[in-house]
Every structure is written in structure tokens, then in C-alpha cells.
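Residue-level structure breakdown
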Amino acid sequence: MGTQESNEITGGTGRRALLGAAVLSAGGAVLGMTGTARADGHGGGGVRSLPKPTIIGHRGASGYRPEHTFGSYQLALDMGADIVEAGDLVPTKDGHLVCRHEPEIGGTTDVAAHPEFADRRKTKLLDGVSTTGWFTEDFTLAELKTLRATERIPANRPHNTLYDGRWEIPTFEEVLRWQDEQTRKRGKQVWIYPELKHPTYFRKQGLPLEERVAKLLRKYRKDRRNSPVILQSFEPTSIERLNKLVDNPLVVLLSSAGSRPWDFVETGDPRTVADLVKPAGLREIASYAQGIGPTLDLIIPRDAKGNLTRPTTLVADAHKVGLILHPYTLRNENPFLPADFRKGADPDAYGDVFGAYRTYFATGIDGVFTDHPDTGLLAREDFRNG
């Protein structure tokens, strides 16, 4: 999920609370599970056959491991996540797709500690925002493989820094092979949910994402309607382009109501997200996509103090035109929760996240992205049991 997240806050100290055996019983994705795996690129009944509400491991289990690493992805599966968001996809200089939160990697790798890459540090205009750092498109894959991942928000999650330097940057092709391997080992189809990052920005650089993604999905026979790969992007025109290249389930990500997708800015389309979530906008999205990924604030807005208000009609409106909703992102720590679900004076302690899950689940959403899949699975069990 991208930098468009409206509840992305940094600072403070995180907490850890792995929930062990209770998670496995709630999630059902236990190692050694019996059954026949589908490792041929098909997801059986398709996206609508997934458990509801679907628990999606946001960049893996990023509440416990540095995001977009095989350590984070693996832990999300071990916890029982229904889907792993394995891949915010950005290109390398030589055209490979790698998994990073953003093309700027100064905050998620140890690149700054590599003197041989000091001269690669640049300032670029990324979707209209001046951004300084190191960018994947200035490195070959071989060069990126010499780097190691680090925790993106160490002030919030200092315990995750224990794992800094342990894992390298994965490629999308490695993720696709890992998906098949895990499906065979677990006896259950593993689903992934990659995001195409800044497609307009990269297309203008001669590194278009959609065609590269489609080529790899075809290579691994995962480009079909029931394939266990859901594709997402904040740019509607990117999803429209993918709709012509692959048959995978597609999702349009939606940021704050007043924002405009960058492809709209580039093409002069005056519409904002507020227009896209109206019935007419949702009908248009439904003509080329199967779902939307709205920020949670589009489901239930917050007031000036950060407390939740009344739910909007977005869930009902989207369902009316056949769209599923997978909003983002629920996290356990106080700073990321609505104010009315924070607990105590410590701004970085865990809040009443189970109450937050219950409130959002009650709106009828089809699933949710979470940094803490174990918590999400227990919250779903609580919700189902009333």
C-alpha cells in the first residue's frame, strides 16, 4: 500500500504481542495442513471464495518484521493471513520488478551505509513531490541485491530493528515462485496482492509496469480470472490498462476524498476521489475492476478530534455495483487508531484495536489490510461469534 495512506504516522515506541496457538486456530492456515494444493496458478473459486472479512497481511506481517521481505511475508502466512500483500512493485534500471514500499529506498534499506552508492543519491519529482534519496530505477538488480532491508518506522517499531540487515530485496518473480512453493508445502492455495507503484511516473521513464507484470503472470500461468493474484493501483488508468492485458481480479486504491489520482493530474482529469466514490464513479470502476481499496476514512470519517463519526454509504454503494471493498490499514499501535480507540497516555502502546475491527467489520466491508494479521484473525473470530 502506498504513501497515499491517510493514517500513516511515525514516532514513538511499538509493542509486540504474538498470539501463538490462538492465531493458528483462528486463521486456519497451519503448517502441515492437509488437502490438495493448487500450485498451477489457479485460485479455485476466485477472489469471492476467500473468507470474509478477508484478512490481508499488509506488506506481510509488517507489524513484526521489516516490510516487503520474505521474513515478513512468511510470518504473515504462518499467522494465517488469507492474502499476503507481497509486492509494492517498482522497477530496476535493467527492467526487473522488485518489492519496495516506494522507489526511494533510503528509508527501507541500508543503502546509505554503502559508500559505493553515495553518488546515486538524488532529488527527484515523484508524483509532484520533491523527494531526495536513492531510487530503484538508478540501480541494476545485481546492485540492489547487495543491499539489505531495514525497518521503515523504527521509532514506532524498535523491536523490528532487531531484524535489520537479515533479508535482501525480493523480486516479483521470486515472490511468484515462493507463492507456488508455499502452496505446495501448506496444502492450501496462497494468495498474493501486489501493487503497481507510480505507474505514470515509471511509464514516462520508459519503464512501464503493467506490461512487465503481465509478462511475468503469463509466464507463471497466473494471469487468469481465478488466479490467486489480485492486482491493485492508486491510478485508475493503470488498472484499465491491466484489464486489457490480464484476467486477474483488479482493485482501484482510493486515498482521501479530496485527493486526485496522479494519472488524473497528468491527463487533466479534474475528478477527485470524492467523485470516484459517488455511484457514477463506482459504476465506471466496476466496468474494468472487481473491487476498490479505500482508506478507512472513506468508510467511516473521523471528526476534528480524530474520533469516528457515522459510516458513509460507500460499502452499500460499492456492493450495489458488484465491487468488493478491501480498505486499508488497521494497525495495533495507538497513533494509527481512531482517537476513540486509543488506550492510556502512552501514544505508542497498543490501543483497543479489537473494538476498531468490530466497528469497521460491522459496516459490511469484505476485508481489510492489517500490519498485524494475528490480531486481525482473532478480531474476525470475535466478530463471527458475536
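Just so it is clear, the model here is predicted, and its values are computed rather than measured.

Analysis parameters
- Residues numbered from 1 in each chain as written.
- Predicted model: local features only at pLDDT ≥ 70, side-chain atom pairs only at ≥ 80, totals over all residues.
- Heavy atoms only, no water.
- Helix = DSSP H or I, 4+ residues; strand = E, 2+ residues; numbered from the N terminus.
- Buried < 20%, exposed > 50% of the residue type's maximum accessible area, 1.4 Å probe, protein only.
- Contact = heavy atoms within 4.5 Å.
- Areas by Shrake-Rupley, 256 points an atom, 1.4 Å probe, with all protein chains shown as cover.
- Pairing = 2+ DSSP bridges.
- Axes fitted to C-alpha atoms, helices over the stretch in contact; angles between N-to-C directions.
- Parallel < 35°, antiparallel > 145°, perpendicular 65-115°, else oblique.
- Left-handed = near helix turned anticlockwise from the far one by under 90°.
- Nonpolar A, V, L, I, M, F, W, Y, C, P; charged D, E, K, R; others polar.
- Core = buried A, V, L, I, M, F, W, Y, C linked by side-chain atoms within 4.5 Å.
- Lys, Arg positive; Asp, Glu negative; His and termini not counted.
- Salt bridge = Lys/Arg side-chain N within 4 Å of Asp/Glu carboxyl O.

Observations concerning the overall build of the protein
Looking only at helices and strands, the protein features 14 helices and 13 strands. Burial statistics for the protein: of 386 residues in total, 58% are counted as buried. Long-range contacts, defined as pairs at least 24 residues apart, comprise 71% of the intrachain contacts of the protein with a sequence gap of at least 6. As displayed, the protein offers around 14,600 Å² of accessible surface, 52% of which is attributable to carbon and sulfur atoms.

Looking at the pairing of strand S11 (residues 291–294)
Both faces of S11 are covered, namely the face carrying Gly291 and Gly293 and the face carrying Ile292 and Pro294. With four bridges connecting them, strand S10 (residues 250–254) and S11 associate as parallel partners. Bridge assignment links leucine 253 to a residue of S11, and that residue is glycine 293. With two bridges connecting them, S11 and strand S12 (residues 324–325) associate as parallel partners. Bridging from a neighbouring strand, isoleucine 292 pairs with leucine 325 of S12.

What about unusual backbone geometry?
Trans peptide bonds make up most of the peptide bonds, and negative phi angles are found at most residues other than glycine. In the segment running from lysine 52 into proline 53, the intervening peptide bond is cis, with an omega of -10°. On the secondary structure map, proline 53 appears in the loop between helix H1 (20–27) and strand S1 (54–57). Put simply, tyrosine 328 and threonine 329 share a cis peptide bond, and its omega is -15°. Relative to the helices and strands, threonine 329 resides in the loop between S12 and helix H13 (353–361). We note that histidine 68 has phi near 50°; this positive angle belongs to a residue other than glycine. On the basis of relative accessibility, which here comes to 0%, the residue histidine 68 falls in the buried class. The phi dihedral of arginine 221 falls on the positive side, at around 55°, and the residue is not glycine. Using a relative accessible area of 40% as the deciding quantity, one classes arginine 221 as partly exposed.

Describing the packing of H13 against helix H14 (residues 373–384)
Taken N-terminus to C-terminus, the directions of H13 and H14 make an angle of 60°; their axes are 9 Å apart at the nearest point. As judged from the angle between their axes, H13 and H14 are oblique. In this structure, H13 meets H14 at a crossing whose hand is right-handed. Mapping the contact onto sequence places Val353, Phe354, Tyr357, Arg358 and Phe361 in H13 and Thr375, Gly376, Leu378, Ala379, Arg380, Asp382 and Phe383 in H14. Taken together, the residues that form the contact of H13 with H14 break down as seven nonpolar, two polar and three charged.

Details of the nonpolar core
Counting 83 residues, the largest nonpolar core has Phe172 and Ile292 as the members making the most contacts within it. When near neighbours in sequence (up to four residues on either side) are disregarded, isoleucine 292 contacts Val251, Val252, Leu254, Leu282, Ile285, Leu314, Ala318, Leu323, Ile324, Leu325 and His326. Listed in part, the 13 residues of the second largest apolar core include Ile83, Phe234, Leu253 and Phe369.

Digging into the side chain of glutamate 235
On the secondary structure map, glutamate 235 appears in the loop between strand S9 (231–233) and helix H7 (236–245). No salt bridge is formed by the buried glutamate 235; its nearest oppositely charged neighbour, arginine 241, is found at 6.8 Å. Those residues in contact with glutamate 235, other than ones at most four positions away along the chain, are Asp127, His198, Pro199, Thr200, Trp262 and Asp263.

Focus: the packing of helix H4 (residues 172–186) against helix H6 (residues 209–219)
Remark: H4 packs on H6, axes separated minimally by 11 Å, with the N-to-C direction vectors making an angle of 30°. Here H6 runs roughly parallel to H4, going by the angle between their axes. Crossing of H4 against H6: the hand is right-handed. Two secondary-structure elements touch here, H4 through Phe172, Glu173 and Leu176 and H6 through Val213, Leu216, Leu217 and Lys219. Classifying every residue of the contact of H4 with H6 gives five nonpolar, no polar and two charged.

Side note on the environment of threonine 136
By the secondary structure assignment, threonine 136 is in the loop between strand S6 (129–133) and helix H3 (141–144). The exposure class assigned to threonine 136 is buried, which follows from its relative accessible area of 0%. Residues threonine 136 and valine 90, 46 residues apart in the sequence, show an inter-C-alpha distance of 7.1 Å. In this structure threonine 136 touches Val90, Pro91, Thr92, Lys93, Val98, Arg100, Pro103, Ile105 and Leu144, once residues within four positions along its chain are discounted.

Brief notes about the pattern of salt bridges
Under the counting rule described, the total for this entry stands at 28 salt bridges. Ionic pairing is found between aspartate 82 and arginine 380, a salt bridge with its closest N-O pair at 2.6 Å. Here the residue aspartate 82 occupies a position in the loop between helix H2 (70–79) and strand S2 (83–84), and arginine 380 occupies one in helix H14, the gap between them amounting to 298 residues. Given the relative accessible area of 8%, aspartate 82 is considered buried. Each of Arg59, Glu67, Asp88 and Arg152 takes part in a single network of salt bridges with overlapping partners.

A look at the sheet that holds S2
Taken together, the four strands give an open sheet; going across it, the order is S7-S2-S1-S13, and neighbouring strands pair in parallel fashion. Of all the strands in the sheet, just strand S7 (191–192) and strand S13 (367–370) have a single pairing partner and so form its edges. Relative to S2, S1 is paired through two bridges, and the arrangement is parallel. Paired with isoleucine 56 across the strands is isoleucine 83, a residue of S2.

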